[in-house]
Amino acid sequence: MGAQSDAEHQAKVTITCSYDERLYIKMLAEKAHMNLSEFILSYLRKDFPVNKSKKTPNKKTLAAMKEAEEGGGIECDSIDDFWKKMGIDRIA
């Protein structure tokens, strides 16, 4: 028995919605630079069981993620503004 490819582990799901809903979902997916499957799964995966084999972010990363989710952090108007706020001289 050899290793099975990802294609052998795929399943198709049908979602019933109106034509307008489908167009709206497609527009949202396009805006997010995803296909429909990627877009819908990006929302559903939040509730999937966690794969214990993946590494857990460290405390500093978790704190930064929480800050970003709560709207914290630094807001920049441009890439030049970002470098300035980071204290980095791009020309150096």
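In short, a report on the structure.

Procedures and definitions
- Residues numbered from 1 in each chain as written.
- Predicted model: local features only at pLDDT ≥ 70, side-chain atom pairs only at ≥ 80, totals over all residues.
- Heavy atoms only, no water.
- Helix = DSSP H or I, 4+ residues; strand = E, 2+ residues; numbered from the N terminus.
- Buried < 20%, exposed > 50% of the residue type's maximum accessible area, 1.4 Å probe, protein only.
- Areas by Shrake-Rupley, 256 points an atom, 1.4 Å probe, with all protein chains shown as cover.
- Expected span 1.5 Å × (residues − 1).
- Patch = residues over 30% accessible without salt bridge, like charges linked within 9 Å, V, L, I, M, F, W, Y side chains within 5 Å.
- Salt bridge = Lys/Arg side-chain N within 4 Å of Asp/Glu carboxyl O.

The next point concerns the overall build of the protein chain. For the protein chain, the count of helices and strands is four helices and zero strands. Residue burial in the protein chain is summarised as follows: out of 92 residues, 3% are buried. Surface summary for the protein chain: the accessible area is close to 9,300 Å², and the carbon and sulfur share equals 56%.

Turning to helix H1 (residues 19–31), a few remarks are in order. Between its first and last C-alpha atoms H1 spans 18 Å; for 13 residues at 1.5 Å apiece the expected length is 18 Å, and the two agree. Positive phi shows up at His 33, right after H1, with a value of about 60°.

Quick look at a nonpolar patch on the surface now. Together, Ile 74, Ile 79, Phe 82, Met 86 and Ile 88 make up an exposed nonpolar region whose accessible area comes to about 440 Å². Position of Met 86 among the secondary structure elements: in helix H4 (residues 79–86).

This is a description of form; function is not addressed.
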